[in-house]
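In case you want the letters, here they are:
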Amino acid sequence: MTDQLASSDRALGADPEPTLPQQRSRAYQLRASQRSYLRLRRVADVLLAGTGLVVGSVPMAMVALGVMATMGRPVIFTQDRITRDGRIFRLRKFRSMRSAGPDPSAEGDADRLVPFGRFIRATSLDELPSLWNILRGDMSLIGPRPLTTDYLGRFSAEQFTRHAVPAGLTGYAQVNGRNAVGWDDRLQMDQDYVRRLGPRLDAQILLTTVLTVLRRDGVTDEGGVSMADFPGPQSTSQLELQGLDADGEWVCHDRADQIVLHGALELDGTAAKLELRPGGGPKAGDPELVDDALLLVLSRLRAHHPVDWACITASSDLPEEIATALRRLGFGRASSAVRWTRTSPPPGRALDGDAALVGFIGFPDEVAS
């Protein structure tokens, strides 16, 4: 085991503090006609957002009074979100939930969503302050919805293509189900939008948005108050994952049935122990496939098991491409004084035994949308 840790240390580098999860992206080039269209659309965004802020000043004042009367201050909810090329900006919306109590874990979003908040969400009136973000250039009127920074590192390189254009107040996925659509389908629609970007599609989205808001379709996922948390991709175009079930065994292979990674899963309370066994196929050492395979395993684990921490073990030395990919995903040496991505450290049992690397993979404590 000492040799395994030494091998992992060399691949992870000398820094005792692992980096936070990093987002791997695949360069996507918009066509020249699309780039020209975005420049023209920016002029329309400024005119429409400015007009909307003036015309909507009275409704916004009424909503602000309603928020103050039902939830108190602050009236505006702000949160870091992701826009074009992964840039971070501060989104502004009207509050729709009352503040959490002394113990945030004691109440879910459904408990804190007041009737007035439910109304402004259903009618999209809570989105009116985002017109200021459009005026500033943080967003566009139409584009993929801006997601929280908690999800950086969870997108596949393919899914991150959605950030080749500015985030939008409304978008293709919003008029085709909004938050009721599953994540894989939703992000696929965002990718399709980027590839088909143009004035005709935007005009269709804008017209359909009015009908979608009036019908209040897909405002929440089934049984929820907003969209479900994003666990990461459940499939990729090149890989398929089988397992991570009660038996513990799992295998990730490419579309030619060549094994890229396989291993076993052991659950222990809020921690999971994953044994990694590199595949033996001709592409098993491909860094991009290894990266996607690890992301797929952690995404499936996150989606189906209520665990916050994952400990990585191996029957032999971890190959350099696996250890490097694990660092990108936020994993560090369990034996060092690491900087965890959560205030509370991992459970003591996660650091015992033969766990070479450990990382926080749980859902963020609170995701507002």
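Our subject is the structure listed above.
Residues numbered from 1 in each chain as written. Predicted model: local features only at pLDDT ≥ 70, side-chain atom pairs only at ≥ 80, totals over all residues. Heavy atoms only, no water.

Participant: What is the right way to look at the sheet that holds strand β10 (residues 332-333) in this model?
Facilitator: Adjacent strands of a sheet form backbone hydrogen bonds with each other and so pair up, either parallel or antiparallel. Read from one edge of the open sheet, seven strands run β5-β6-β7-β8-β9-β11-β10, paired in mixed fashion. Looking at the sheet topology across the chains shown, the edges are occupied by β5 (239-243) and β10. Across two bridges, β10 lies against strand β11 (residues 357-360) in antiparallel orientation. Paired with arginine 333 across the strands is leucine 357, a residue of β11. Sheet contacts for helix α9 (residues 287-304): β5, β6 (249-254), β7 (259-268), β8 (271-278) and β9 (309-314); angle to β5, the most-contacted strand, approximately 40°. This element, helix α10 (residues 320-328), spans β7, β8, β9 and β11 of the sheet and lies at about 150° to β8. (Pairing = 2+ DSSP bridges. Helix = DSSP H or I, 4+ residues; strand = E, 2+ residues; numbered from the N terminus. Contact = heavy atoms within 4.5 Å. Axes fitted to C-alpha atoms, helices over the stretch in contact; angles between N-to-C directions.)

Participant: How should the pattern of salt bridges be read in this particular structure?
Facilitator: Once their charged atoms are close, side chains differing in charge can pair, the charge on each being opposite to the other. Here the structure, examined in full by the defined rule, presents 17 salt bridges. Across the salt bridge formed by glutamate 158 and arginine 26, the nearest N and O atoms sit 3.8 Å from each other. Pair noted here: glutamate 158 is in the loop between β3 (139-142) and β4 (167-170) and arginine 26 is in the loop between α1 (2-12) and α2 (32-55), with a separation of 132 residues, a long-range link. Salt-bridge contacts for glutamate 275 lead to arginine 277; the nearest nitrogen and oxygen are separated by 3.4 Å. The class of glutamate 275 is partly exposed, set by a relative accessible area of 22%. Using a relative accessible area of 22% as the deciding quantity, one classes arginine 277 as partly exposed. Ionic contacts of the salt-bridge type, sharing partners, join the residues Arg24, Asp291, Asp292 and Arg328 into one network. (Salt bridge = Lys/Arg side-chain N within 4 Å of Asp/Glu carboxyl O. Buried < 20%, exposed > 50% of the residue type's maximum accessible area, 1.4 Å probe, protein only.)

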